[in-house]
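# Structure at a glance
For reference, the chains in residue letters:
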Amino acid sequence: MRAGPATLSMSAALGLLYVFLYGPIGYVIYTSFAVDIVWPFPPSFTLQAYVDLFSSSLYSEALTNSLTLATGAAVISTLLAAAGAIGILRFRSRYRTAALLIFIAPLFVADLLIGISVLAFNARVLGLPGNLFSAMAANAIQGTAFGFLIILAQLVRYNWDMDDAAMVFGAKPLRCFFEITLPTIWPSLFGAFLISFILAFNNLEISFYTLGAIPTLPSVAWGSLRFGLGAELFALAALVNGFVFLVFAVMYLLMRLGIVRFGYRGG
Amino acid sequence: MTGVTLELQSVTRRFGPVTAVDKTDLAIEQGEFFALLGPSGSGKTTLLRIIAGLERPDEGRVLIGGREVTDLPPYARNVGMVFQNFLLFPHKTVAENIVFPLRMQRASRAHRDEQLKWALSLLRLDGLGGRYPNELSGGQQQRVALARGLIARPALLLLDEPLANLDRELRSEMEVEIRRYQKELGIPFIYVTHNQEEALTMSDRIAVMRNGRFEQIGAKTEIYTNPASAFVATFVGHANRISGGIADIQGDLARIEWGGGSVLAPRPGSAQRGSAISVFVKHEDMAIHGAGLNGKRPEGVNQLAGTLRDIIFKGQTANYIVALPTGDDLVVSGTPRAGVARPNDAVIVSWPIEAGACFPREDA
């Protein structure tokens, strides 16, 4: 089959869209391997930026903090989002829509505002200092909202009569959840965990206000930016993007191979 | 009482302003196949869910095997259930689905395996244990659901329209099979359906339900031949309705005046002369004759003259549609003998007086 002009122009438009979305990121990754980061043409490659990155103790401490922060925020987000989604679907109420909107409203609040608000609230009202735990909680605000949407999307197709059946056959509610509900909905919990993990890992504004002097990867990158673009920043950006890409690639493969299935499989 | 497996005492369940189940009493004997028959919205599924513990009654008591279970959750009741859409666990294999109740009871591995083997062979599922539910046909899924309901030898098995999603042929095959399992195992089955043929084919006793109440409970032949209300008369079997007023009362019989003449029917209990009334006569209780019979009027038989409008051939039987001079149609079910009459022939429809079931008119 020969491609007509319509197909060709659509393909070109799609290509341009991808360049628009990923061109800058591709440029950063390309530059991280370049000898001259200011004008990396013609290409000449070195791994010096990565050597600098790994030899700096600041970055490794920041990486540990970021991973801890992201894991904590993702756990909190997934648990709250799952509980919220199950609650909203199972217990019908007149205020259901309102409850749902309040769950996703944090998505529309600027990160900066969340950061400042949490800082002010924790310091003035609760008298809490900024630390990793308050940063986890603050990052979980948006993570919960995103996770809620992801879990809800799968859970609306879950047939709660399954739980009735399990209970008639002798399963207590908790057993029922782990035997029947969880095996069916875990891909969405996993998705919610990944998204909130990546959000918290990459976040600067919320973490910046709640962490004080504790470094994370984004805050160290931001800080070093003030002394000019360093080659190791390009390397860091490339690694973080590579990591995120890897996560998505694994998810994609799991779905393609049918190990993870979204949606309800059954008769 | 001995032999009573399930007892409901004045069970009531309301949903807001709607009373789904209204002060219902019921006793199910050991080994009985009991059908709850009613149109959708009559409360039969709610009643079943109350027995299973999935719904809590607002009033009344539920006893299973003499033990009060009204406040017990479903997992403490030892009942089995087969659901309308099967509700097999999609992520578990057939074998895992079937042994689920035994696992929940913490039965030993050996006992589980032994029971699984028994259930697989009883329901002719041998060799399918490793499959997933979405790899089975509708009939196989149905049998897995039955196996899961039966494997723990529950005190009773509840079936909620289990055949509604199967095609016609499979359904009639499963009707016979389900009844066979029930007789083999001796466990009482409570079978909810809106399909009167299912109820009549499978059950020993039937309760006809309407608006949360039992209209009639009895042996299926009793329900069929001796309906207790106009609703039962129309809902069970296929009946012609003749509506009119009582012109005269002669002992046990009422003469009913109606547009097309007068017919005799057994007198309904409290009916007075002049009260509006409907007579229900089952299609197969009516007979059709050629017009030559005119003039002879045997004792104890009603006769009406009409014109044969159409013959609906159904195989074993045929429905003769007879137009009466009043404009009403009567349906007479008979053997499809050729040559009784042809469309547009003048015919006589007759039926024994005692075949008419007579009730005060509801729609008046």
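Every value quoted in this text rests on a predicted model; they were computed, and no experiment measured them.

### A look at the interface of chain A and chain B
- With 22 residues of chain A at the interface, the matching set in chain B holds 25 residues.
- Counting each side, the surface lost to burial between chain A and chain B is near 2200 Å², with a carbon and sulfur contribution of 66%.
- Inspection of the chain A/chain B interface yields three salt bridges.
- Its salt-bridge partner being Asp-164 of chain A, residue Arg-49 of chain B comes within 3.2 Å of it at the nearest N-O pair.
- For the pair chain A and chain B, the interface holds five residue pairs in polar contact (both at pLDDT 80 or more).
- Secondary-structure elements contributing two or more residues to the side of chain A that touches chain B are α7 (161-168) and α8 (173-202) of chain A.
- Residue contributions to the side of chain A that touches chain B peak at seven residues, all from α7 of chain A.
- Per-class residue counts for the side of chain A that touches chain B are 11 nonpolar, five polar and six charged.

### Considerations on the packing of aromatic side chains
- In total, this model carries 18 aromatic pairs over all chains according to the counting rule given.
- For the pair Phe-201 of chain A and Phe-243 of chain A, a centre-to-centre distance of 5.9 Å together with 45° between the ring planes defines the contact as tilted. A residue pair is termed long-range when its members are at least 10 positions apart, and Phe-201 of chain A in helix α8 and Phe-243 of chain A in helix α11 (residues 231-256) qualify at 42 residues.
- Among the residues examined, Phe-243 of chain A registers a relative accessible area of 33% and is labelled partly exposed.
- An aromatic cluster is present here, built from Tyr-30, Trp-39, Phe-41 and Phe-45 of chain A joined pairwise through their rings.
- The ring of Trp-118 of chain B has Arg-153 of chain B sitting right over it, with the charged end atom 3.8 Å from the ring centre.
- One cation-aromatic arrangement involves Lys-282 of chain B over Tyr-224 of chain B; the distance from NZ or CZ to the ring centre is 4.7 Å.

### Side note on the sheet that holds strand β11 (residues 239-250) of chain B
Residues and elements named next belong to chain B.
- The strand order across the open sheet formed by five strands is β13-β12-β11-β14-β20, and the pairing between neighbours is antiparallel. Either end of the sheet is taken by a strand with one partner, and the two such strands are β13 (261-266) and β20 (357-360). Within the sheet, the average angular offset between the axes of one strand and its neighbour, ignoring direction, is 45°.
- Pairing of β11 with strand β12 (residues 253-258) involves five bridges; the strand directions are antiparallel. Counted as the bridge partner of Ile-249 is Ala-254 from β12.

### Points about the domain arrangement of chain B
All names here are of chain B.
- Domain parsing of chain B yields domain 1 (4-233) and domain 2 (238-360).
- Computed from C-alpha coordinates alone, the two centres of domain 1 and domain 2 are separated by 39 Å.
- Residue-level contacts link seven residues of domain 1 with seven residues of domain 2.
- Counting each side, the surface lost to burial between domain 1 and domain 2 is near 620 Å², with a carbon and sulfur contribution of 55%.
- Per-residue buried area on domain 1 facing domain 2 is highest for Tyr-224, Ala-230 and Ala-233; these three make up 66% of the total on that side.
- Taken together, the connections running from domain 1 to domain 2 amount to zero salt bridges.

### Some thoughts on unusual backbone geometry
- Following Phe-41 of chain A, the chain continues into Pro-42 of chain A via a peptide bond in cis, with omega recorded as -10°.
- Here Pro-42 of chain A is to be found in the loop between α1 (5-32) and α2 (48-55).
- Despite not being glycine, Asn-78 of chain B shows a phi value in the positive range, around 60°.
- Inspection of the secondary structure puts Asn-78 of chain B in the loop between β5 (67-68) and β6 (79-82).
- In this structure, Asn-344 of chain B is a non-glycine residue whose phi angle is positive, near 80°.
- By the element assignment, Asn-344 of chain B lies in the loop between β18 (329-334) and β19 (346-352).

Basis of the calculations
Residues numbered from 1 in each chain as written. Chains lettered and ligands numbered in written order. Predicted model: local features only at pLDDT ≥ 70, side-chain atom pairs only at ≥ 80, totals over all residues. Heavy atoms only, no water. Contact = heavy atoms within 4.5 Å. Buried area = accessible area lost by both parts, 1.4 Å probe. Salt bridge = Lys/Arg side-chain N within 4 Å of Asp/Glu carboxyl O. Polar contact = N/O pair within 3.5 Å; in protein donor to acceptor, adjacent residues only side chain to side chain. Helix = DSSP H or I, 4+ residues; strand = E, 2+ residues; numbered from the N terminus. Nonpolar A, V, L, I, M, F, W, Y, C, P; charged D, E, K, R; others polar. Phe/Tyr/Trp six-rings, centres within 6.5 Å; stacked < 30°, edge-to-face > 60°. Buried < 20%, exposed > 50% of the residue type's maximum accessible area, 1.4 Å probe, protein only. Lys NZ or Arg CZ within 6 Å of the ring centre and 35° of its normal. Pairing = 2+ DSSP bridges. Axes fitted to C-alpha atoms, helices over the stretch in contact; angles between N-to-C directions. Domains from an automatic or database assignment.

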